[in-house]
Amino acid sequence: MKKLIAAALTASMIFSMSAMTLCAEEGGTLVMATNAEFPPYEYHEGDDIVGIDAEIAAAIAEDLGMTLEIQDMAFDSILAAVQSGKADIGVAGMTVTEDRLKNVSFSDTYAEAAQVIIVTEDSEIAGPDDLVGKYIGVQLGTTGDLYSEDIEDATIERYNKGFEAVQSLIQNKIDAVIIDREPAKVFVEENEGLKILDEAFTEEEYAIAIAKDNTELLDKVNASLADLKESGKLQEIIDKYINTDTDNSEEADTEAVSEEATETESAAE
Ligand code: ARG
């Protein structure tokens, strides 16, 4: 009998301990998994990881009375880290997709996004339809990677970092890069001879990934996000990193979804 009680006690202790590690508690650490190769959402600045996502996560952690810890990893490892509980949240300009929803939960969305096409200035490629049969560079495991598989006869070159795909394009090893709009703008600005095509490849939305069984954290994150939206803090963070004014003056074609509340037509579904 004693043995039985002891066993029951240990079992319930183990259960409550594992429940504890599952839910992020006040005073604890909120571990964020990301891939800091994605300006302006997350990138390295000296020893720090900065950007829109880093600041949103910091604001959420602060709201929950927790300390934020950022873990940098390959983009295609983020969901596994969240699923296994190694990380509490995946914040990485991550697009909500049906497939990902099978493995994790997503918070409410916090940004409109798009996959755009980068080509060299002299390219004959003028829109998504011209990608047939071309060599296309993408970051491994991203939606750019997934959706470009639908392009007829195209050869997909997968890189660990989006920037490496852009390098390849500059070296004329590939014909185009499909990548998220805001990083695309940064890469095109930093390199001569590249342009972003007017017509986007897809329209998407970013959200924070959380383990399916961690509904408590999901609720807390959604409540925090709602506060950040309501107080204007979210927009403030975005405005700090995305200068919509220069977008307008420089290239009328890239400004479409970066403006708040702009509903753009989907170019390719
Ligand atoms: N939005 C794309 C996706 O979810 C790309 C995200 C890449 N993010 C990053 N931090 N490298 O697949």
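Shown above is the structure to which this text applies.
Per chain, residue numbering runs from 1 following the sequence as it is written. Under the rules for a predicted model, residues below a pLDDT of 70 receive no local features and side-chain atom pairs below 80 are neither given nor counted, while totals for whole chains, interfaces and linings still include all residues. Excluding hydrogens and water, the side-chain values take into account all heavy atoms of the structure.

Some points on the site of the ligand
Inclusion rule: In these notes, residues near a molecule or strand are those with any non-hydrogen atom within 4 Å of it. Distance and chemistry together define a polar contact, namely a pair of N or O atoms within 3.5 Å, with one atom able to donate a hydrogen and the other to accept it when in protein, and with adjacent residues in sequence counting only for side-chain atoms on both sides. Residue exposure ignores everything except the shown protein chains as possible cover, and the areas themselves are Shrake-Rupley values with a 1.4 Å probe. Each residue is assigned to one class: nonpolar for Ala, Val, Leu, Ile, Met, Phe, Trp, Tyr, Cys and Pro, charged for Asp, Glu, Lys and Arg, and polar for all the others, Gly among them.
Surrounding the ligand, one finds 15 residues, the nearest of these being Asn-35, Thr-95, Arg-100, Thr-143 and Asp-180. Within the side chain of Asn-35, one N or O atom sits 2.8 Å away from a nitrogen atom of the ligand. Residue Thr-143 places a main-chain N or O atom 2.8 Å away from an oxygen atom belonging to the ligand. When isolated, the ligand has an accessible area of 340 Å², and the protein chains bury 100% of it. Here the residues of the shell around the ligand sort into 5 nonpolar, 6 polar and 4 charged.

Observations concerning helix 9 (residues 233–241)
One full turn of an α-helix is made of 3.6 residues, so residues set three or four places apart face in the same direction. For clarity, the threshold we go by: A 1.4 Å probe rolled over the protein chains alone gives each residue an accessible area, and that area as a share of the maximum for its type sets the label: buried under 20%, exposed over 50%, partly exposed in between. We count a stretch as a helix when DSSP gives it H or I for four or more residues in a row; a strand needs E for two or more, and each element gets its number in order from the N terminus. Picture the helix axis, draw a direction to every C-beta atom, and the arc is the one those directions span. We call two residues in contact whenever any of their non-hydrogen atoms come within 4.5 Å of each other.
Turning to helix 9, its buried residues number three or more, namely Leu-234, Ile-237, Ile-238 and Tyr-241. Looking straight down helix 9, one finds that the buried residues subtend no more than 95° of arc, so they occupy a single side. Residues Glu-236 and Lys-240 are exposed on helix 9 and point more than 90 degrees away from its buried face. On the buried face of helix 9, the contacting elements are strand 3 (42–45), strand 4 (48–50), helix 2 (52–63) and helix 8 (215–231).

Side note on the pattern of salt bridges
Convention followed: In the sections that follow, a salt bridge refers to a side-chain nitrogen of Lys or Arg positioned within 4 Å of a carboxyl oxygen of Asp or Glu.
Tallied over the full model, the rule gives 7 salt bridges. For the salt bridge of Lys-240 with Glu-55, the shortest nitrogen-to-oxygen distance reads 2.6 Å. Highlighted residues: Lys-240 in helix 9 and Glu-55 in helix 2, separated in sequence by 185 residues. You can call Lys-240 exposed: its relative accessible area is 56%. Here Asp-145 makes a salt bridge to Arg-158, at a shortest N to O gap of 2.8 Å. A residue pair is termed long-range when its members are at least 10 positions apart, and Asp-145 in helix 5 (residues 143–148) and Arg-158 in strand 10 (residues 155–159) qualify at 13 residues. Arg-158 gets classed as partly exposed once you look at its relative accessible area, which sits at 39%. Put simply, Asp-145, Glu-149 and Arg-158 are held in one network by salt bridges that share partners.

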